[in-house]
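# Examining the three-dimensional arrangement
Here's the letter readout for the chains.
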Amino acid sequence: MKKIKLLSLLSLFMVATFTSCTDDDKGERVYKGASLLNFHKGVSRDVFVFSGTGFTEINIDYGVLKPVAGDNTVSLVLDAENSTAVEGVDFEIVDGTDELTDGEITGQFTVRFLEGGAVQTGKIAKFKMSSSTLDNATFNEVYTVNVSLSCPISTFVGDFDATSWWLGSSTHTVVEGTDPNTIQINDFWSDNATAPNFILSYNDAYVVTFAPQNTGYFVAQYNGYIWARMSTDATQVSSFNPCTRTMKVYVNYYIPNVGSYGNKEEVFTGI
């Protein structure tokens, strides 16, 4: 069984070391490098423009690795070469210039996506930042927005191909749940005969949440069942696009009172 190989060892901790960090007199790690710009609350998201609303407005957060010195102007710019969305047709940058003043570390831009340009198949807008006084980091330097006209949940449900850490490659039927704003992935917990379906909740923006669920898979070595809960990484937001019929669910697999296998990305593509 594929999961035997996948689940043979627990991976509990990951430690990243940066050469630009040093120890202070208290033994704590202190960043000594430049105030580098980066998108610091995730680097992509799905945005839906709902019919009849005219537009959907979002905030895009950014930050620097350490407080800035002096006054700094930061601008949000479209990477037109790698985008299918067109500024002025599909979106407007409402607040595209932000000022980071002495000691500040975070800022925010506002972008408005227009109903007139939205289509169900979706468009892509890729954004970068520019500043005459601050350099960009070599990570988290592009923010991608997948924008589409909202579709009803009835267009989303059906058969899906899954590429998942849990089962590898598999096929499942996704149906509407018995409770409002819920869906279920049938037979995903293939080891749990009494509750084999992965139950998910979603909001009006199709952001997905779920309660901890027992997969039914028992690991004799640790005398416990593997459970699934939402990712412990706040930047990993589970969601689906009802128009393109794609879904990503970020799951943290763990054995209670033992440890975690880490956060895993489970991808579902409509057939």
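Above: the structure in question.
Presented here is a report on the structure given in the accompanying data block.

### Regarding the sheet that holds strand β11 (residues 143-149)
Across the sheet, which stays open at both edges, the five strands sit in the order β4-β11-β10-β6-β8 with mixed pairing between neighbours. The sheet terminates laterally at β4 (44-49) and β8 (97-100), the two strands that pair on one side only. Geometrically, the sheet is characterised by an average inter-axis angle of 25 degrees between neighbouring strands, direction not taken into account. Bridging between strand β6 (residues 72-78) and β8 involves four bridges; their strand directions are antiparallel. Bridged to V74 within β8 is D98.

### Examining the nonpolar core
Generally speaking, a soluble globular protein has its nonpolar side chains buried in company with each other. Within the largest apolar cluster, 30 residues are counted, with the highest numbers of intra-cluster contacts made by I183, F198, L200, F240, M247 and Y253. Per-element tally for this core: the top contributor is strand β20 (residues 246-255), with five residues. Core analysis: the second largest hydrophobic core is formed by 26 residues, I58, V64, F91 and F109 among them.

### A look at the layout of surface pockets
Estimates place the volume of the largest pocket at around 690 Å³. Around the largest pocket, the lining is made up of 23 residues, and of these S44, R45, D46, V237 and S239 lie nearest the centre. Going through the elements one at a time, β4, β11, β19 (239-241), β20 and β21 (259-270) are the ones with two or more residues in the lining of the largest pocket. A per-element tally of the lining of the largest pocket places β20 first, with four residues. Its residues assigned to classes, the lining of the largest pocket comprises eleven nonpolar, eight polar and four charged.

### Some words on the packing of aromatic side chains
Aromatic ring pairs: the centre-centre distance and the angle between the two ring planes describe each pair. Under the counting rule described, the total for this entry stands at 24 aromatic pairs. On the numbers, 5.4 Å between centres and 55 degrees between planes, the contact of F39 with Y143 is tilted. Separated by 104 residues along the polypeptide, F39 in the loop between β3 (37-38) and β4 and Y143 in strand β11 bring together distant segments of the chain. Across the pair, exposure class does not vary: F39 and Y143 are buried alike. Ring centres 4.8 Å apart and planes at 80 degrees place the aromatic pair F48 and Y206 in the edge-to-face group. Of this pair, F48 sits in strand β4 while Y206 is found in the loop between β15 (198-202) and β16 (208-209), placing the two residues 158 residues apart along the sequence.

### Considering the side chain of S164
Within the element layout of this structure, S164 appears in strand β12 (residues 158-164). Residue classification places S164 among the buried residues on the basis of a relative accessible area of 9%. Polar side-chain contacts of S164 include one of 3.0 Å to the backbone nitrogen of L167. For S164, the contacting residues outside a window of four places in its chain are F188 and E266.

### Observations concerning the state of the cysteines
A disulfide bridge is the covalent bond that connects two cysteines by way of their sulfur atoms. Going through the model one piece at a time under the given rule, you end up with one disulfide. With a sulfur-sulfur separation of 2.1 Å, C151 is cross-linked through a disulfide to C243. With the S-S bond torsion at 110 degrees, the cross-link from C151 to C243 turns out right-handed. With C151 in the loop between β11 and β12 and C243 in the loop between β19 and β20, this pair connects stretches of sequence that are 92 residues apart. Both residues of the pair, C151 and C243, belong to the buried class.

### Concerning empty space enclosed by the protein
All told, the structure shown has one cavity of 30 Å³ or more when counted by the stated rule. Along its surface, the largest cavity is lined by D90, F113, L114, G117, A118, V119, K123 and V147.

### Topic: the pairing of strand β18 (residues 224-230)
When strand β17 (residues 213-219) meets β18, the two strands line up antiparallel, connected through four bridges. Across the sheet, residue F218 finds its bridge partner in β18, namely Y225. In textbook terms, the turn of a hairpin is the stretch between consecutive antiparallel strands, and for β17 and β18 this stretch comprises four residues, one of which, N223, has a positive phi near 50 degrees. Of the strand pairs in this sheet, β18 and β20 are connected by four bridges, and their pairing is antiparallel. Note on β20: the bridge partner recorded for W227 is Y254.

The rules behind each value
Starting from 1, residues in each chain are numbered consecutively following that chain's sequence as written. Under the rules for a predicted model, residues below a pLDDT of 70 receive no local features and side-chain atom pairs below 80 are neither given nor counted, while totals for whole chains, interfaces and linings still include all residues. Side-chain numbers here rest on the full set of heavy atoms in the structure, without hydrogens or water. Strand pairing is defined by DSSP finding a minimum of two bridges between the two strands. Each helix is a run of DSSP H or I of at least 4 residues and each strand a run of E of at least 2, with the numbering of both proceeding from the N terminus. In this description, a line fitted to the C-alpha atoms serves as the axis of each element, helices being fitted only across the stretch in contact, and the angle between N-to-C directions of two axes falls anywhere from 0 to 180 degrees. We call a set of buried residues a nonpolar core when its members are Ala, Val, Leu, Ile, Met, Phe, Trp, Tyr or Cys and they connect through side-chain atoms within 4.5 Å of each other. A simple rule labels every residue: compare its accessible area, found with a 1.4 Å probe on the protein chains alone, to the largest value its type can have, and call it buried under 20%, exposed over 50%, or partly exposed in between. Only protein atoms enter the 1 Å grid used here. Points where a 1.4 Å probe fits but cannot escape make up a cavity, open sets with protein on both sides within 12 Å along at least five of seven lines make up a pocket, and a residue lines them when an atom lies within 4 Å of a point. Grid points are joined across faces, edges and corners, and a volume is the space filled by probe spheres set on the points. Residues are sorted three ways: Asp, Glu, Lys and Arg are charged, Ala, Val, Leu, Ile, Met, Phe, Trp, Tyr, Cys and Pro are nonpolar, and all the rest, Gly among them, are polar. Two rings from Phe, Tyr or Trp (for Trp, the six-membered ring) form a pair when their centres are within 6.5 Å of each other. A pair whose planes differ by under 30 degrees is stacked, one over 60 is edge-to-face, and the rest are tilted. Here a polar contact is recorded for every N or O atom pair within 3.5 Å, except that within protein the pair must consist of a potential hydrogen donor and a potential acceptor, and residues adjacent in sequence are included only if both atoms are side-chain atoms. When checking whether two residues touch, look at their non-hydrogen atoms; a contact exists if any pair is within 4.5 Å. In what follows, a disulfide is any cysteine sulfur pair within 2.5 Å.

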